[in-house]
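Fold and contact review
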Amino acid sequence: MSRSLKALIGPSILNSDLSRLYEESQKLLDNGADYLHLDVMDGHFVPNLTLGHPVVKCLRNKIKDVFFETHMMVSNPEQWIIPMADAGVNQYTFHIEPVDNVAEVCRKIRENGMKVGLAIKPGTPVTEVERYISMSDMVLIMTVEPGFGGQKFMENQMAKVKYLRGQYPLLDIEVDGGVGPATISCCANAGANMIVSGTAVIGAADQAATIRSLRETVQQAINKN
Ligand SMILES: O=C(CO)[C@H](O)[C@H](O)COP(=O)(O)O
Ligand SMILES: [Fe+2]
């Protein structure tokens, strides 16, 4: 059977009450999240600090069978591969901008049993990431400058998504930053199938309905093509 694209919603817990990380995460899952997107910032690649592998490991101890993606906004992604694999991470998504040997980082991530995600900032041309696609499982097109939740969606990044979808019909393409009910159609029509949504989902009056509606919009766009 041939592989087909799937619409997946991975909420970002960045803007949730992090003192209740487990409860907030479990609530998102109970409300239909397909996976969890965990934002890791080192205060160097981006001007903010969040959480690291010890916190991810504690969360994994409480939440067993859910796909964990870590979005590594760090200057030296190679440094955290083994600790994150040990913490039970399924997909290690890192920014290619600060990395000299992207192929080597991809190889090491897979060697440690995780999937590879390649992320680019809004100012990075899509061609920079395209040459590594064969070594990866997913590409993340950032739709805000990484570092903070709650920013405005950058519609001009959709050209990258459209280009990649045109070239790679079955590639998992993720968008992250300012994505919610008001911007999901734009992402879905451009060809994104993995959707990170933070503020819009965390702050929704009806989290389950919001997650369901985001997924339906993306799945409908996939079915049309
Ligand atoms: O990587 C991120 C920021 O760098 C977050 O995943 C992203 O901002 C999600 O939050 P929101 O939907 O509120 O923008
Ligand atoms: Fe993120």
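Scroll up to find the structure.
Let me sum up the structure you'll find in this document. (Residues numbered from 1 in each chain as written. Chains lettered and ligands numbered in written order. Predicted model: local features only at pLDDT ≥ 70, side-chain atom pairs only at ≥ 80, totals over all residues. Heavy atoms only, no water.)

1. So, the site of ligand 1
- Every one of the 20 residues lining ligand 1 counts as a neighbour, but Gly-147, Gly-150, Asp-176, Gly-198 and Thr-199 are closest to it.
- Contacts to ligand 1 include His-71, whose side-chain N or O atom sits 3.1 Å from an oxygen atom.
- Separating an oxygen atom of ligand 1 from a backbone N or O atom of Phe-148 is a distance of 3.4 Å.
- The fraction of the free accessible surface of ligand 1 (360 Å²) that becomes covered by protein chains is 99%.
- Listed by contribution, the elements that provide at least two residues to the shell around ligand 1 are strand E2 (35–41), strand E3 (67–73) and strand E8 (194–197).
- The biggest single contributor to the shell around ligand 1 is E2, with three residues.
- Considered class by class, the residues forming the shell around ligand 1 number seven nonpolar, eleven polar and two charged. (Near = heavy atom within 4 Å. Polar contact = N/O pair within 3.5 Å; in protein donor to acceptor, adjacent residues only side chain to side chain. Areas by Shrake-Rupley, 256 points an atom, 1.4 Å probe, with all protein chains shown as cover. Helix = DSSP H or I, 4+ residues; strand = E, 2+ residues; numbered from the N terminus. Nonpolar A, V, L, I, M, F, W, Y, C, P; charged D, E, K, R; others polar.)

2. Some remarks on the pattern of salt bridges
- One pass over the full model with this rule turns up eight salt bridges.
- The shortest N-O distance in the salt bridge between Glu-78 and Lys-108 comes to 3.8 Å. Linking Glu-78 in the loop between E3 and helix H3 (81–86) with Lys-108 in helix H4 (residues 102–111), this pair joins segments that are 30 residues apart in sequence.
- Classification of Glu-78 by relative accessible area gives partly exposed; the value is 31%.
- Of the charged contacts in the structure, one is a salt bridge between Arg-131 and Glu-128, with a shortest N-O distance of 3.3 Å.
- Given a relative accessible area of 52%, Arg-131 falls into the exposed group.
- In the salt-bridge network here, residues are joined through shared partners; they are Glu-104, Arg-107 and Glu-111. (Salt bridge = Lys/Arg side-chain N within 4 Å of Asp/Glu carboxyl O. Buried < 20%, exposed > 50% of the residue type's maximum accessible area, 1.4 Å probe, protein only.)

3. Side note on the coordination of the iron ion (ligand 2)
- In the first shell of the iron ion (ligand 2), the protein supplies His-37 (NE2), Asp-39 (OD), His-71 (ND1) and Asp-176 (OD), at 2.1 to 2.2 Å from the metal.
- Around the iron ion (ligand 2), the six donor atoms sit at angles spanning 72 to 174°, and that spread fits a shape best called octahedral.
- Here the donor residues for the iron ion (ligand 2) map to a single chain with the spacing H-x1-D-x31-H-x104-D. Highlighted residues: His-37 in strand E2 and His-71 in strand E3, separated in sequence by 34 residues.
- Given a relative accessible area of 0%, His-37 falls into the buried group. (Donors = N, O, S within 2.8 Å, 3.2 Å for Na, K, Ca; no water. Tetrahedral: all angles 85-135°; square planar, octahedral: opposite > 155°, others 65-115°.)

4. Focus on the side chain of His-71
- Here His-71 falls in the buried class, since its relative accessible area comes to 0%.
- Here His-71 is in contact with His-37, Leu-38, Asp-39, Val-40, Thr-93, His-95, Ala-119, Leu-140, Met-142 and Asp-176, once residues within four sequence places are set aside. (Contact = heavy atoms within 4.5 Å.)

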